[in-house]
Every structure is written in structure tokens, then in C-alpha cells.
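# A structural walkthrough
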Amino acid sequence: MNIQTTRLLRWISDEELQITLVCGSSDRSYPRSATPVQLPGCIAEASFVLVPEILACGAEKVLIDVDSCNCEKTDEGDAGAGSDGESAAGLGDTGVRDRFAAWRGLLGDAVAEFEGDEPRFRKAEVISAEDPPVSRRALFGLGAGSSLPIDPTLSDDERLLKALDALGIPADRANEFAPPPQAAPLVADGCIACGVCVAACPTGSLELQTINEGAAEQTTLVHDRISCVSAGECIKLCPETALSLSQPLSWTNVAQGRVALTTFETTKCRKCGAMYPRDGQDLCPTCRRKADNPFGYWLPPGFERKNRG
Ligand code: SF4
């Protein structure tokens, strides 16, 4: 999420408005009751989480002006082709209608199509979504409704799940209407608990957890599906090629959050203290490789470059 969207959400959170989202290509006028908010781009290309998040921030209702889209108008040949008015709607209109239908399907009556006429007098000021009239107290988090209910620094997937939760909508409803989740459908086989993927993941979505129960130690590689953005560094850099992808995840899978990819018995390396799968030897695979090749590196080249800056 960018800073402009945060301003928009702070404004809505502070005012608890009913707003009308308008395509960035629109030059229409609106009645004052509409509170038109013009997006920087096409409605069809806005992040799907935008409308659920606006509602979760306290908006009473979100109207979408589906007819405001002038994006990707049909080319000159097509523009005059029809007499039924459909050609004038343009190709971009289809994308906006699809996006509206998905928001409406997921969020119900809280989302509706704007159907007002263009006023001849007393036109509303069209507010830029990038520069809403947010009050100073809301901007600095001082107003009653100014602290956002959803952390704006989270990933789109995470914010969508939190918005649905705030609105009382089960996550599995998103399977039907929202774009597929970003999280990688990771599976692990042959992990040695080296920690390369944990260090390489840009969103901190992988973790090695070790629990001690008497003499036995168990290590689990945990994957946080909510924060994962499918960067793919883990698969690329795993020295054991232990990670791969399975079937695409559904929103129901992602809502499970942190899942165990693999669990195995581990022991501590006599030399470096790292955990590794118990195999009857007293050195971990890394120390064994270093012992076999004292002047070489065994970490993957990509990982080495990345961490040397
Ligand atoms: S990089 Fe591969 S072997 Fe190392 S902890 Fe991750 S999955 Fe396991």
C-alpha cells in the first residue's frame, strides 16, 4: 500500500462517509451527495483489497461509478460501429463491471452501482484519492477514528483477510470473488534445517522452530501463508532443493496462516552448534562439507551475492 491510500483510508476512517469511486479517466460531474473520489488509475486495475478495506475503515457504503470509465475506449473503427450505445462504453468498461460484480458478490449491499445523473448546478468537488482532505488530527492519528483498524504496511492478502474478518465475512467467501492469493503453495521434502530459506525470505514468512522434549529435539519448518508474497527466493536458494510448489492455494488455505511444512528429529552440531537432522554423525552437513572442502563456499551463489550486498 502506498502513502496516498493510507491518507484516503485515514480520511474515510475519520469521516465515516459514503463515497463514490470514480475511474481516473473520468471527466464526469457529480451531485454533492455522491462524495466522488477519483482513483489515480482505472477502477478495473485498483487493488481488490481497496473496497473491503474502505468498508472495514468505517465507510457506510461504497458506490462504484461503472460508467465513469473511459479507459481503453474502443478504437476509432469500433467507436462508431454500434448504434445501441454499447460501443461507447469501451473495452475498459468490461473490466470495471467485472471488478464491480466481484466486490458486490463478496461484500453484498455495502457496494452498489452509482446511478445518479450529472447535475447542472451545485456540482460536487471531485476528490483525488491521492490527496483527500484529511484533517491534521486524523493524519497524525489523533482523532477518534483516525487509527486505522488494519495495519497499512501488511501485504494485500493479509489486509484482505483482516478486512473480511472486521466485516464478519468468512475467508472462504473470497474463493469465489477475489483474485487468487499470492502465497506460494510450498511443500518441503529433504530439509536439513540449514536456515538459508529463512534468511533469504524478504517477508520473513519462513521460520525454523525447534522444541526440546528431554533428549529428543524436533525441528519444524513453518510457512506463514498470509505474509508470503511468492518471491520464490526460498526455492531458488535451498541448497538441498527441498522446496517445491504444489497445487495453488485457496483463500481458505491461506486463512490457516502458519502451517508446518516438515517436522523432523534434529540434533546439535558439535562444531558450529547448528541444528541438523539426526543422522548418527556429530557434525552438521555444512561443517562436513567445509571439512571436505576447507577453501570453498557451499552456500548457493545467489544467496552469497545477496548477503554481500
Ligand atoms: S533452505 Fe532448504 S534445507 Fe535449508 S532450511 Fe530451507 S528448506 Fe530446509
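The paragraphs below set out a description of the structure included in this document. Just so we're clear, the structure is a prediction, and the values are computed from it rather than from any experiment.

### Quick look at the pairing of strand β1 (residues 18-22)
Along β1, four of the five residues are buried, which leaves the element largely enclosed by surrounding structure. Judged from the four bridges that link them, β1 and strand β3 (residues 61-64) form a sheet pairing that is parallel. Bridged to Ile19 within β3 is Val62. Here β1 runs beside strand β2 (residues 36-38); their pairing, made up of three bridges, is parallel. Across the sheet, the residue bridging to Thr20 is Pro36, located in β2.

### Quick look at empty space enclosed by the protein
Inspection of every chain in the model, using the stated rule, returns two cavities of 30 Å³ or more. Estimated volume of the largest cavity: approximately 110 Å³. Along the walls of the largest cavity sit 16 residues, with Cys201, Cys228, Ala231, Gly232 and Cys234 positioned nearest its centre. Per-element accounting of the lining of the largest cavity gives the leading share, three residues, to helix α10 (residues 233-237). Taken together, the residues that form the lining of the largest cavity break down as ten nonpolar, five polar and one charged. Its boundaries defined by the atoms lining it, the second largest cavity holds a volume of some 90 Å³.

### Some details on the sheet that holds β2
With parallel pairing, five strands are arranged side by side in an open sheet as β4-β3-β1-β2-β5. Among the strands making up the open sheet, the edge pair consists of β4 (111-113) and β5 (127-128). Alignment of β2 against β5, held across two bridges, turns out to be parallel. Of the residues in β5, the one forming a bridge with Gln38 is Ser128.

### Points about the side chain of Arg225
Mapped onto the secondary structure, Arg225 falls in the loop between β8 (216-224) and α10. Put simply, Arg225 is tucked away with no salt bridge, and the nearest opposite charge, on Asp224, sits 8.2 Å away. A distance of 3.3 Å separates a polar atom in the side chain of Arg225 from the backbone oxygen of Asn253. Once you skip the residues sitting within four places of it in the chain, Arg225 turns out to touch Ala183, Leu249, Asn253, Val254, Gln256, Gly257 and Val259.

### Topic: helix α7 (residues 156-167)
The end-to-end C-alpha separation of α7 is 16 Å, in line with the 16 Å expected for twelve residues at 1.5 Å each. Positive backbone phi, at 75°, marks Gly168, one or two positions downstream of α7.

### Concerning the packing of aromatic side chains
Taken as a whole, this structure holds two aromatic pairs when the rule is applied. When the ring centre of Trp103 is taken as origin, the NZ or CZ atom of Arg99, which lies over that ring, is 5.5 Å away.

### A word on the environment of Ser33
Mapped onto the elements, Ser33 comes out in the loop between β1 and β2. On the basis of relative accessibility, which here comes to 62%, the residue Ser33 falls in the exposed class.

### Digging into the side chain of Thr20
Along the chain, Thr20 turns up in strand β1. Residues within four places of Thr20 in sequence aside, it is in contact with Ala34, Thr35, Pro36, Val37, Leu63, Asp65 and Phe114.

### Concerning the site of the ligand
In the vicinity of the ligand, the residues found are Cys191, Ile192, Ala193, Cys194, Gly195, Val196, Cys197, Leu221, Cys238, Pro239 and Leu243. In this structure the site holding the ligand corresponds to the second largest cavity.

### Comments concerning the nonpolar core
If you look at the biggest cluster of nonpolar residues, it comprises 65 residues, and the most contacted ones within it are Trp11, Leu21, Val51, Ile54, Ile64 and Trp103. With six residues, the top contributor of residues to this core is helix α5 (residues 92-107). Built from parts of two domains, this core gets at least three residues from each of domain 1 (3-71 + 87-177) and domain 2 (186-308). With sequence-adjacent residues up to four places away left out, Ile54 is seen in contact with Leu8, Leu9, Ile12, Ile19, Leu21, Ala59 and Val62.

Definitions and limits used
- Residues numbered from 1 in each chain as written.
- Predicted model: local features only at pLDDT ≥ 70, side-chain atom pairs only at ≥ 80, totals over all residues.
- Heavy atoms only, no water.
- Buried < 20%, exposed > 50% of the residue type's maximum accessible area, 1.4 Å probe, protein only.
- Helix = DSSP H or I, 4+ residues; strand = E, 2+ residues; numbered from the N terminus.
- Pairing = 2+ DSSP bridges.
- 1 Å grid on protein atoms, 1.4 Å probe; cavity = no way out; pocket = protein on both sides within 12 Å on 5 of 7 lines; lining within 4 Å.
- Points joined across faces, edges and corners; volume = space filled by probe spheres on them.
- Nonpolar A, V, L, I, M, F, W, Y, C, P; charged D, E, K, R; others polar.
- Lys, Arg positive; Asp, Glu negative; His and termini not counted.
- Salt bridge = Lys/Arg side-chain N within 4 Å of Asp/Glu carboxyl O.
- Polar contact = N/O pair within 3.5 Å; in protein donor to acceptor, adjacent residues only side chain to side chain.
- Contact = heavy atoms within 4.5 Å.
- Expected span 1.5 Å × (residues − 1).
- Phe/Tyr/Trp six-rings, centres within 6.5 Å; stacked < 30°, edge-to-face > 60°.
- Lys NZ or Arg CZ within 6 Å of the ring centre and 35° of its normal.
- Near = heavy atom within 4 Å.
- Sits in = over half its atoms within 2 Å of the grid points.
- Core = buried A, V, L, I, M, F, W, Y, C linked by side-chain atoms within 4.5 Å.
- Domains from an automatic or database assignment.

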